[in-house]
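Structural characterization, general
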Amino acid sequence: MATLNQHPIRLNIIGTPTVGKEVEIRVLIAHPMETGYRLGVDGNERIPKNIIDSILIKFNQEAIMIAKLGTGIAANPLISVFVEVPEKGGMVSVEWKDDQGALGRAEKMLVVA
Amino acid sequence: MKLFAFIVTIFLFCVTNSSQAQSVRQSGNAFLSPDMLRQQHDPTLNPISLWLDQGQELWKSQCQQCHSSVSETAKAVVQFPIWKSTLASSGKLINIEDQIADCWSKKSGKVISNDATEILTMSVFLSDAAKGMTIQVREPQDVPMKNQWQEQMNLAGQIYVRRQGRLNLSCTQCHDQQIGKNLRSDVVSPAFLTGFPIYRFSWQTVGNLDRRLRACYSGVQASVPSTGSPELRALELFLKKRSEGMLWDGPSLRR
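Sequence positions are assigned chain by chain, starting from 1 and proceeding in written order. A letter from A marks each chain and a number from 1 marks each ligand, given out in the order of writing. Per-residue local features are limited, in this predicted model, to residues with pLDDT of at least 70; the limit for side-chain atom pairs, both in listing and counting, is 80 or more; totals at the level of whole chains, interfaces and linings are taken over all residues.

On to the overall build of chain B. Numbered from the N terminus, helices here are DSSP runs of H or I no shorter than four residues, and strands are runs of E no shorter than two. Along its length, chain B carries ten helices and seven strands. The atom set for the radius of gyration is the C-alpha atoms, and the globule formula is 2.2 Å times the number of residues raised to the power 0.38. Relative to its length of 255 residues, chain B is compact, with a C-alpha radius of gyration of 18 Å against a globular reference of 18 Å. For chain B, the spread of C-alpha atoms along the three principal axes comes to 50 × 50 × 30 Å. In chain B, buried positions account for 36% of the 255 residues. Our exposure labels follow a C-beta count within 10 Å of each residue's own C-beta, placed from the backbone: buried means 20 or more other C-beta atoms, exposed means 12 or fewer, and partly exposed covers the counts in between.

Structure (structure tokens):
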């Protein structure tokens, strides 16, 4: 039986990377973002809380955004940040961690056009 | 026979009535807000793309050895549900998820439910590959099978116009007669089956047509048929037949 990657992640760079201009970094993560308030199928037990509690976006190993998400964020969150493109471009990377300890990461090279 | 004529009359009435309201048959996408349409068409914004990534992996690891071409396999999406007869029974309607689950079970030797994540993911992947194909339901050629198939169509035609639930509403009252008006905070779209499975924001996940239809039953406070019940398959056939000739939209975003 195939094992599905439970949390696929899409990291995209939107816009043409030109030095000194901004590009958008978009991150889409597959995650149920379980609030801990919902009841299970039997109606008695609550489904345990499991949300992505932190997302770290780095650009050339330097943190450019740390997000602390709460239960108000919908499933499969979409996060986007704008960065100014430096002369040599660089590596964009995303790391996240959820309440149950699952980790995810993705990286993409930002090449100056 | 009288009953059949009656249903046909009602069916024609529905079709002509809706065509008076709108000269062309419109897919549900025509009723989305510009923002949602933009999100649907941009894979970097659309959460369905995450399912497509998984589907791609599954296709490569599980299906590719036998089904070499994705686009050939995806043709089934616009042809199902089909009548399938087995040795054990005279036959039944099966939809694309049933078919995938059946194939999966045969391959892995384990029975898998047709709303399991893997099946749904595969269905999303195939549905995406079928984008732009023309809907053309595959009808059985064999006469006794064709009769049974027609019986299911008639049954679904009856369900479609039957008032039910505590709200005492039939499908046709909203999905033919109130198209374009608001229901809660959403716009009522005509019942054309052009883009399933859907990612529905209120579910926060992808769901198949069974789930959507069950939500309709529960919305009018009727007793909800179980997943995969013959009633839902018949309705799916009716809706697909109704959408014949329209283009397949692929997996869609809905509120």
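Attention now goes to the overall build of chain A. Along its length, chain A carries zero helices and seven strands. In sequence order, chain A lays out its α and β elements as β-β-β-β-β-β-β. When the backbone C-alpha atoms are referred to their principal axes, chain A occupies close to 55 × 35 × 20 Å. Counting across all 113 residues of chain A, residues that qualify as buried make up 18%. Taking all contacts inside chain A whose residues are at least 6 apart in sequence as the whole, residues at least 24 apart take part in 56%. Contacts here follow a simple rule: the backbone-placed C-beta atoms of the two residues must lie within 7 Å.

A separate point is the interface of chain A and chain B. Contact with chain A, which involves 15 residues of that partner, is made by 17 residues of chain B. For the side of chain A that touches chain B, the elements supplying multiple residues, two or more each, are β1 (9–14) and β2 (22–29) of chain A. Looking at which element gives the most residues to the side of chain A that touches chain B, the answer is β1(A), with three residues. Think of it as three bins: nonpolar holds Ala, Val, Leu, Ile, Met, Phe, Trp, Tyr, Cys and Pro, charged holds Asp, Glu, Lys and Arg, and polar takes everything else, Gly as well. Here the side of chain A that touches chain B is built from residues that sort into ten nonpolar, three polar and two charged.

What follows concerns the pairing of strand β7 (residues 103–110) of chain A. Every regular strand shows the same layout, with side chains that alternate between the two sheet faces. All names here are of chain A. Here strand β6 (residues 90–98) runs beside β7; their pairing, made up of eight bridges, is antiparallel. The residue bridging glycine 90 from the neighbouring strand is leucine 110, located in β7. A strand pair is defined by DSSP finding two or more bridges across the two strands. The antiparallel pairing of β6 with β7 creates a hairpin that spans four residues between the two strands, and glycine 101 there sits at a positive phi of about 90 degrees.

Residue and element names in this part refer to chain B. Put simply, helix α7 (residues 143–161) and helix α10 (residues 230–242) touch, their axes get as near as 8 Å, and they point 90 degrees apart. One element, α7, and the other, α10, form an angle in the roughly perpendicular class. Facing Gln152, Met153, Leu155, Ala156, Gly157, Ile159 and Tyr160 of α7, the residues of α10 in contact are Glu231, Ala234, Leu235, Leu237, Phe238 and Lys241. For helices, the axis comes from a line fit to the C-alpha atoms of the stretch in contact; other axes are also lines fit to C-alpha atoms, and the angle between any two N-to-C directions lies between 0 and 180 degrees. Put simply, angles under 35 degrees are roughly parallel, angles over 145 are roughly antiparallel, angles from 65 to 115 are roughly perpendicular, and the rest are oblique.

Our next topic: the nonpolar core. All names here are of chain B. Among the nonpolar cores identified, the biggest contains 60 residues, and Val77, Leu126 and Phe238 are the most heavily contacted of them. Among the elements that line this core, the one with the most residues is helix α6 (residues 117–129), at seven residues. Setting aside residues no more than four positions away along its own chain, phenylalanine 238 makes contact with Met153, Ala156, Gly157 and Tyr160. Joined through C-beta atoms within 7 Å, a set of buried Ala, Val, Leu, Ile, Met, Phe, Trp, Tyr and Cys residues constitutes a nonpolar core.

This paragraph deals with the sheet that holds strand β4 (residues 62–68) of chain A. Sheet strands line up and pair through hydrogen bonds in the backbone, either parallel or antiparallel. Residues and elements named next belong to chain A. In spatial order, the strands read β4-β3-β6-β7; together these four strands make up an open sheet with antiparallel pairing. Each end of this open sheet is capped by a strand with a single partner; those strands are β4 and β7. Taking each pair of neighbouring strands and ignoring which way they run, the sheet shows an average axis angle of 15 degrees. Sheet topology note: the strand β3 (residues 52–59)/β4 ladder contains six bridges and is antiparallel. In the sheet register, isoleucine 57 faces β4, and the bridge partner there is methionine 65.

In this section: helix α5 (residues 96–108) of chain B. All names here are of chain B. Given a rise of 1.5 Å per residue, 13 residues ought to cover 18 Å, and the 18 Å separating the end C-alpha atoms of α5 matches this to within 8%. Turning to α5, its buried residues number three or more, namely Ile96, Glu97, Ile100, Ala101 and Trp104. Buried residues of α5 fall within an arc of 135 degrees about the axis and therefore sit on the same side. Contacts made by the buried residues of α5 are with α4 (70–79) and α6. A positive phi of about 80 degrees marks glycine 109, the residue just after α5. To estimate how far a helix should extend, the number of its residues minus one is multiplied by 1.5 Å. By arc we mean the arc of the directions from the helix axis to the C-beta atoms, nothing more.

Moving on to α7(B). Residue and element names in this part refer to chain B. Here α7 is 19 residues long and its end C-alpha atoms lie 27 Å apart, about the 27 Å a rise of 1.5 Å per residue gives. Where α7 is concerned, the buried positions are Trp149, Gln152, Met153, Ala156, Gly157 and Tyr160. In an axial view of α7, the angular spread of the buried residues amounts to 145 degrees, which keeps them on one side of the axis. Exposed residues lying more than 90 degrees from the buried face of α7 are Val143, Pro144, Asn147 and Glu151.

Residues and elements named next belong to chain A. Overall, antiparallel pairing links the three strands, which are arranged β1-β2-β5 in an open sheet. Looking at strand neighbours, the two that pair on one side only are β1 and β5 (78–84), the edges of this open sheet. Strand-to-strand twist of the sheet, defined as the mean angle between neighbouring strand axes without regard to direction, takes the value 15 degrees.

Residue and element names in this part refer to chain B. It is at 8 Å that the axes of helix α3 (residues 48–63) and α6 come closest, and there the two elements cross at 100 degrees. Comparing the axis directions of α3 and α6 gives the class roughly perpendicular. Contacts between α3 and α6 involve Ile48, Trp51, Leu52, Gln54, Gly55, Gln56, Leu58 and Trp59 from the first element and Glu118, Thr121, Met122, Val124, Phe125 and Asp128 from the second. Classifying every residue of the contact of α3 with α6 gives eight nonpolar, four polar and two charged.

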